[in-house]
Amino acid sequence: MLNRLGQFPCDVHKIAEQCGVKILRPALHGAMGGKPRVCFCPTTLKRIGQAHGADHLRLVLRLIVESDGNAAELQMDTITAVSAVVLSGLVEIRADLFDSVDLGQVRAWAQFVKPGCTTQQAMATALLWLLASPERVMPKLSAEEAAAEEKRVAIARKGRENAKRRRLRAAGDDRAAFGP
């Protein structure tokens, strides 16, 4: 049931306890970081729980802590990325979903790469590519959709070419009169 702010009521400490997770203050992260089933991001948990409900938060925490070797990966980026994967609907959610995935390694890669997006987004994208079938992530376009996309790309390319010609003419370059 939604409260007056349009959010789900969510007791993150109760949910974390049900999942065997201990929530500590972020200030303690340096002294106790890296321990299995310890989380230092209660604000992230609260945000996810209020936005998507207690059941969703419980599922996200359990997917992380109950998978092989990932119990110590209760980081903000990891929790948010796993939540996004669950919400995507592109992956069949099952208990062993992340058993073959080292979430710490995926997070390290996402922090290094960040291709024009946040670590959380890069991590969610990588997880989807690892776990979802390519047909679900990038569905094939129908013939009509493919033709429309091809037309859109051609129009965009023509617009870029015209803009380049206008810039060259404005700069006084004679090559603009003879094409690209």
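Computed from a predicted structure; not experimentally measured. (Residues numbered from 1 in each chain as written. Predicted model: local features only at pLDDT ≥ 70, side-chain atom pairs only at ≥ 80, totals over all residues. Heavy atoms only, no water.)

A. Up close: the overall build of the protein chain. Across its full length, the protein chain holds 9 helices and 2 strands. When its helices and strands are written in sequence order, the protein chain yields α-β-α-β-α-α-α-α-α-α-α. Here the C-alpha radius of gyration of the protein chain, 23 Å, is well above what a compact globule of 180 residues would show, namely 16 Å. With respect to the three principal axes, the spread of C-alpha positions in the protein chain is 70 × 40 × 40 Å. Within the protein chain, the fraction of its 180 residues that count as buried is 33%. Long-range contacts, defined here as pairs at least 24 residues apart, represent 59% of the contacts in the protein chain between residues at least 6 apart. Total accessible area computed for the protein chain in this model is approximately 11400 Å², and 55% of it derives from carbon and sulfur atoms. (Helix = DSSP H or I, 4+ residues; strand = E, 2+ residues; numbered from the N terminus. Rg over C-alpha atoms; globule rule 2.2 N^0.38 Å. Buried < 20%, exposed > 50% of the residue type's maximum accessible area, 1.4 Å probe, protein only. Contact = heavy atoms within 4.5 Å. Areas by Shrake-Rupley, 256 points an atom, 1.4 Å probe, with all protein chains shown as cover.)

B. Molecular detail of unusual backbone geometry. Non-glycine residue Arg 37 carries a positive phi angle of around 65°. Position of Arg 37 among the secondary structure elements: in the loop between helix H2 (29-32) and strand S2 (38-39).

C. Structural context of the environment of Leu 74. Looking at where Leu 74 falls in the secondary structure, it is placed in the loop between helix H4 (54-65) and helix H5 (76-88). Taking the C-alpha atoms as reference, Leu 74 lies 8.7 Å from Gly 34; in sequence the two are 40 residues apart.

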